[in-house]
Amino acid sequence: MLMSALLEVKNLKTHFFKKKQVIPAVDGMDLTIKKGETVALVGESGSGKSMTSLSIMRLVPSPGGKIVDGQIMYDGKDLLTISENDMVDIRGNDISMIFQEPMTSLNPVLTIGDQITETLIAHQKLSQREAKKRAVELLEMVGFSRAKAILNDYPHRLSGGMRQRVMIAIAMSCNPKLLIADEPTTALDVTIQAQILDLMKDLSNKFDTSILLITHDLGVVSEVADRVIVMYCGQVVEESSVNDIFENALHPYTQGLINSVPSIDDDIDRLESIEGNVPTPDQFPTGCRFAPRCPKAFDKCSLHMPTLKKIDERSIRCFLYEEEQS
Amino acid sequence: MLSYIIRRILTAIPLLIGITLISFFIVQIAPGDPTSLLMNPDIKPEDKVKFIEKYGLDDPIYIQYFKWVGNMVQGDFGNSLLKKGTPVSEMIMNRLPNTITLMIAATIIAIIFSILIGVYSATRPYSKSDYLFSTGSFLGLATPNFWLGLMLIMFTAVNLEWFPTGGVADLDAPFSIWDRIHHLILPAFVLASADMAAYTRHTRSSMIEVLNQDYIRTAKAKGLRSRKVIFKHGLRNGLTPVVTLFGLSLPSLVGGAAIVERVFAWPGLGSLFIESSFTRDYPVIMALIVLSSVFIVIGNIVADILYAVIDPRIEY
Ligand SMILES: Nc1ncnc2c1ncn2[C@@H]1O[C@H](COP(=O)(O)OP(=O)(O)O)[C@@H](O)[C@H]1O
Ligand code: SF4
Ligand SMILES: [Mg+2]
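Residues numbered from 1 in each chain as written. Chains lettered and ligands numbered in written order. Predicted model: local features only at pLDDT ≥ 70, side-chain atom pairs only at ≥ 80, totals over all residues. Heavy atoms only, no water.

1. Section: the packing of aromatic side chains
All names here are of chain A. Going through the model one piece at a time under the given rule, you end up with 10 aromatic pairs over all chains. When the ring of Tyr 253 is compared with that of Phe 290, the centres are 5.1 Å apart and the planes differ by 65°; the resulting orientation is edge-to-face. Of this pair, Tyr 253 sits in helix α10 (residues 252–259) while Phe 290 sits in the loop between α10 and β11 (309–311), and the two are 37 residues apart along the sequence. Of the two residues, Tyr 253 and Phe 290, neither departs from the other in class, the shared state being buried. (Phe/Tyr/Trp six-rings, centres within 6.5 Å; stacked < 30°, edge-to-face > 60°. Helix = DSSP H or I, 4+ residues; strand = E, 2+ residues; numbered from the N terminus. Buried < 20%, exposed > 50% of the residue type's maximum accessible area, 1.4 Å probe, protein only.)

Here it is as structure tokens:
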């Protein structure tokens, strides 16, 4: 199955500048998303997942954050070099995004209807009336039975799960090519989580939308993703198909992540977790960034940084696999 | 919503009763009485008695109070002790339009400028222009109205002759809107200055906070243009604290109007109040105190209702 790349991120570097200190939150990130494919971006909190996704949207918090290097190729253009006006036309239209916090992601003083229709009016040049009609369809599509009534409601009247459905309706309103979902279910109850993931999966199949699903929960990944990218300290450490990752994770960090996923027959005490914490970007080690926590680390690891090597259909950043290649 | 408004008005009634009581008794205990000021010391004692009877000055105090309140509710504020006994309501009606014009103009100036400057500064915090406006608004807060008024009169009216030095209109010219506006600009600007500074500070800090909220990021991620993000998604949230401030700043608007009217010879209620205080014209003083209190109470109710209109999370 040959699919063409929809979005290609190359050597992306997004840094924060605080009081003369440089914080390399994203530090040479590579990522490719093909048409119709669901890619999971996983990694512990603080590894740079959100900053990667905000960089794709060119919405890095500013002042403070800045994209300092790299390319983001979409539709033959580098998103990092086009004008802000052109970028505005892409956001919410070609590439849309939903966030972790459904409780605060909607504007509290505007009606749900207003917040859905304004996107349609901005991108699709619909009239107020047409946009309203379309908004009702969208709300029904994401599972509201009383869609018309919801239009005039304010966000504080809806539960977290319902708000996330509204966010999905907004994000899907212009049939985007790519939906970026940054931990869309982390803040929700477990039962609601599954429903929201199902909904996203359904819609992406129906509209052939690619999804970049960001999560720190590997359980979520196995259910919806085609491919997995594991991120650590602002870089990719492993990339492979979802089956390969769960059956044969290569990178010691990925292995650690998988071993720390609770499963039903496991009891909590036997759960392994990776020792130590993610270093903050101002304290990245000089060699392999995982070395201080890696159970398989050897001399070379703390001296040099391994590069991302391709092995068959997978990529890996670890000295254990470099020898094999050469 | 309607029941909220009615409830709000009903709860204001005890407050208004308190205000009438306090203003009545403050005037009662003030030193000096009108007979001593008004009358020739050589007046015949029987004339003095007649005067006292005519104005009910010998009734027990609580009777005087109830009479006064009762008449006031019917729109009768009594008669001036001076000026040949002109009805107070007539004196007030003559001056009221001037004061209302001045206050509305000052409020509009304060709101428009503070929103523009506050939003501008909030979108580029800690930039040079932000510092410039911040300094400007601290100066505005710190400068007393009368001083600012006098300085402006001296430089822009006397020296440069851009504006008239005072009054509402040229006395010898026919009525013209432009002439009125020309007279209005300086006093309205001076009256606006203090509130403008406070509103600007509040708009700026509340907009900085709002522009960092998640829903602003959502609005940007939807592909809205930055003007829409700031004014549609930001400003409505950013204005809520400013609306509260508007209610709170009404007393200073009323007090400021008295001083500004005095400085600019603006024939409004504020200058009427000051004139009446000098001549101890009690019926006028009391009527004005009650009126301004009622105005402030109503203003606060309006601010509360506006607040509820802007923010749908507020339950009535
Ligand atoms: N506003 C900010 N200012 C400074 N540093 C930041 C800011 N936001 C994020 N970072 C840095 O970027 C790193 C990555 O953050 P993020 O992308 O949010 O991680 P993730 O989404 O994987 O949890 C964080 O460890 C933090 O140090
Ligand atoms: S390079 Fe060394 S330290 Fe890094 S993950 Fe591989 S074995 Fe561990
Ligand atoms: Mg994150």
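2. A closer look at the interface of chain A and chain B
Tallying the contact residues gives 28 residues for chain A and 19 residues for chain B. Roughly 2200 Å² of surface becomes buried between chain A and chain B when both sides are summed, with 57% attributable to carbon and sulfur atoms. The tally of links between chain A and chain B comes to 5 salt bridges. As a salt-bridge pair, Lys232(B) and Glu118(A) come within 2.9 Å of each other at their nearest N and O atoms. Taken together, the connections running from chain A to chain B amount to 15 residue pairs in polar contact (both at pLDDT 80 or more). Broken down by secondary-structure element, the contributors of at least two residues to the side of chain A that touches chain B are α2 (84–90), α3 (112–124) and α6 (160–172) of chain A. With 6 residues, α3(A) is the single largest residue contributor to the side of chain A that touches chain B. The residue makeup of the side of chain A that touches chain B, split by class, is 14 nonpolar, 9 polar and 5 charged. (Contact = heavy atoms within 4.5 Å. Buried area = accessible area lost by both parts, 1.4 Å probe. Salt bridge = Lys/Arg side-chain N within 4 Å of Asp/Glu carboxyl O. Polar contact = N/O pair within 3.5 Å; in protein donor to acceptor, adjacent residues only side chain to side chain. Nonpolar A, V, L, I, M, F, W, Y, C, P; charged D, E, K, R; others polar.)

3. Here's the deal with unusual backbone geometry
Residue and element names in this part refer to chain A. That bond from Ser 62 to Pro 63 is cis: its omega, 5°, falls within 30 degrees of zero. As for its position among the elements, Pro 63 is in the loop between α1 (49–56) and β4 (65–74). A positive phi angle is found at Lys 125, which is not glycine, with a value near 55°. Position of Lys 125 among the secondary structure elements: in the loop between α3 and α4 (128–141). The class of Lys 125 is exposed, set by a relative accessible area of 64%. With phi around 55°, Asp 312 is a residue other than glycine that occupies positive phi space. You can see Asp 312 is positioned in the loop between β11 and β12 (314–316). You can call Asp 312 exposed: its relative accessible area is 71%.

4. Things to note about the site of ligand 1
All names here are of chain A. Taken together, Phe 16, Lys 18, Ala 25, Glu 44, Ser 45, Gly 46, Ser 47, Gly 48, Lys 49, Ser 50, Met 51 and Pro 281 make up the full set of residues adjacent to ligand 1. With respect to ligand 1, the backbone of Gly 46 contributes an N or O atom lying 2.7 Å from an oxygen atom. In isolation ligand 1 has 560 Å² of accessible area, and contact with the protein removes 73% of it. Where the shell around ligand 1 is concerned, the elements lending two or more residues are β1 (5–18) and α1. Partitioning the shell around ligand 1 into residue classes produces 4 nonpolar, 5 polar and 3 charged. (Near = heavy atom within 4 Å. Areas by Shrake-Rupley, 256 points an atom, 1.4 Å probe, with all protein chains shown as cover.)

5. Side note on the domain arrangement of chain B
All names here are of chain B. One can read the domain layout of chain B as domain 1 (2–73) and domain 2 (89–310). Each of domain 1 and domain 2 has a C-alpha centre, and these two points are 32 Å apart. Contacts between domain 1 and domain 2 engage 19 residues on the former and 14 residues on the latter. Of the roughly 1500 Å² buried between domain 1 and domain 2, counting both surfaces, carbon and sulfur atoms make up 80%. For the pair domain 1 and domain 2, the number of links is 1 salt bridge. For the salt bridge of Asp 304 with Arg 8, the shortest nitrogen-to-oxygen distance reads 2.6 Å. At the junction of domain 1 with domain 2, the criterion picks out 1 residue pair in polar contact (both at pLDDT 80 or more). When residues of the side of domain 1 that touches domain 2 are traced back to their parent elements, those giving at least two are α1 (2–29), α2 (34–38) and α4 (61–73). (Domains from an automatic or database assignment.)

6. Points about the side chain of Thr218(B)
With respect to the helices and strands, Thr218(B) occurs in helix α9 (residues 214–221). Engagement of the side chain of Thr218(B) in a polar contact is seen with the backbone oxygen of Ser105(A), the distance being 2.7 Å. Among residues more than four places away in sequence, those in contact with Thr218(B) are Phe99(A), Ser105(A) and Met167(A).

7. Regarding the nonpolar core
Leu7(A), Ile95(A) and Leu212(A) are the most contacted members of the largest nonpolar core, which has 70 residues in total. No other element matches α6(A), which puts 7 residues into this core. Structurally, this core is a two-domain feature, drawing no fewer than three residues from each of domain 1 (5–94 + 176–271) and domain 2 (103–175) of chain A. Contacts of Leu212(A), omitting those with residues within four sequence positions, involve Leu31(A), Ile33(A), Val39(A), Leu41(A), Ile56(A), Leu178(A), Leu179(A), Ile180(A) and Ala181(A). Grouped together as the second largest cluster of nonpolar side chains are 44 residues, Val119(B), Phe163(B), Tyr215(B) and Leu224(B) included. (Core = buried A, V, L, I, M, F, W, Y, C linked by side-chain atoms within 4.5 Å.)

8. Observations concerning the domain arrangement of chain A
Residue and element names in this part refer to chain A. When cut into domains, chain A gives domain 1 (5–94 + 176–271) and domain 2 (103–175). Summarising the inter-unit geometry, the C-alpha centres of domain 1 and domain 2 are found 25 Å apart. With 19 residues of domain 1 in contact, the opposing surface of domain 2 contributes 14 residues. Roughly 1400 Å² is buried in total at the junction of domain 1 and domain 2, and carbon and sulfur atoms are behind 69% of that figure.

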